[in-house]
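If you want the building blocks of each chain, they are given just below.
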Amino acid sequence: MRGRRRESRRQREEGIRRAGEQGERETAHQLGFLGKDHVIFHGVKLRAGGRVQEFDHIAVGPKGVFHFESKHWSGEIAFEAGGMLRDGAPSKDPTSQLYRHEYVLKELVRSVGVETDVTGVLVFTHPDVRLLGKSPAFATVRADRLLHYMNAFRSKRPLDARNVQRIAAAIREHTVK
């Protein structure tokens, strides 16, 4: 009996890992349509501000620096004042992860001496997800609406091509192997 329970746990963990990879592939696919004026990074681990964080995706472009957290969750996802609910039950809210990502990216951008928007985006990739409300701190979008969100975003501090490349170079320099 004990062996069966471990096997179930392994299977569940493997399913979660595969779903995460599928979500990251879907987000990467969508980001591939942003255009040549963007530099896109996938699966990078960055060190800045004395911290290290692993990012699903980062896009640097004319509208600033965006970091994306992909979730391949189905069902109803509701954001409320007290946190996030998944199918009506309290669930781990991924916004704390986005806050940590934001800190590292802002420190990296500051080290380059460039002022621009740094924006976190929580991307839900499963076709059967229903989003109710939105995260109070970060953009919350379905993968099929990601390009619309990016195109509609109004930057307060846009980047020219030179600074896009400077920030991209800093990301490459601060990537931890």
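Residues numbered from 1 in each chain as written. Predicted model: local features only at pLDDT ≥ 70, side-chain atom pairs only at ≥ 80, totals over all residues. Heavy atoms only, no water.

**Digging into the overall build of the protein chain**
Looking only at helices and strands, the protein chain features four helices and nine strands. Each helix and strand of the protein chain, ordered N terminal to C terminal, gives the series α-β-β-β-β-β-β-α-β-β-β-α-α. Relative to the compact-globule value of 16 Å for 177 residues, the protein chain shows a C-alpha radius of gyration of 17 Å, a close match. The proportion of buried residues among the 177 residues of the protein chain is 43%. Contacts spanning at least 24 positions in sequence make up 64% of the contacts within the protein chain whose residues lie at least 6 apart. As displayed, the protein chain offers around 10400 Å² of accessible surface, 47% of which is attributable to carbon and sulfur atoms. (Helix = DSSP H or I, 4+ residues; strand = E, 2+ residues; numbered from the N terminus. Rg over C-alpha atoms; globule rule 2.2 N^0.38 Å. Buried < 20%, exposed > 50% of the residue type's maximum accessible area, 1.4 Å probe, protein only. Contact = heavy atoms within 4.5 Å. Areas by Shrake-Rupley, 256 points an atom, 1.4 Å probe, with all protein chains shown as cover.)

**Remarks on the pattern of salt bridges**
One pass over the full model with this rule turns up five salt bridges. One salt bridge in this structure joins Glu 102 and Lys 106, with 3.5 Å as the shortest N-O distance. Separated by four residues within a single helix, Glu 102 and Lys 106 lie in helix α2 (residues 95-112), roughly one turn from each other. Looking at Glu 102, the relative accessible area reads 12%, which means it is buried. For Lys 106, a relative accessible area of 39% gives the class partly exposed. (Salt bridge = Lys/Arg side-chain N within 4 Å of Asp/Glu carboxyl O.)

**Digging into the packing of aromatic side chains**
Counted according to the given criterion, the structure contains six aromatic pairs. Judged by centre distance (5.8 Å) and plane angle (55 degrees), the ring pair of Trp 73 and Phe 124 falls under tilted. Taken together, the positions of Trp 73 in the loop between β3 (64-71) and β4 (75-80) and Phe 124 in strand β7 (residues 118-124) put the pair 51 residues apart, joining distant regions of the chain. This pair shows no difference in class: Trp 73 is buried, exactly as Phe 124 is. Geometrically, the ring pair formed by Phe 79 and Phe 124 is edge-to-face, given 6.4 Å between the ring centres and 65 degrees between the ring planes. Taken together, the residues Phe 79 in strand β4 and Phe 124 in strand β7 connect sequence positions 45 residues apart. Judged by relative accessible area, Phe 124 falls into the buried class, the value being 1%. Chaining the aromatic ring pairs together yields one cluster made of Phe 66, Phe 68, Tyr 149 and Phe 153. (Phe/Tyr/Trp six-rings, centres within 6.5 Å; stacked < 30°, edge-to-face > 60°.)

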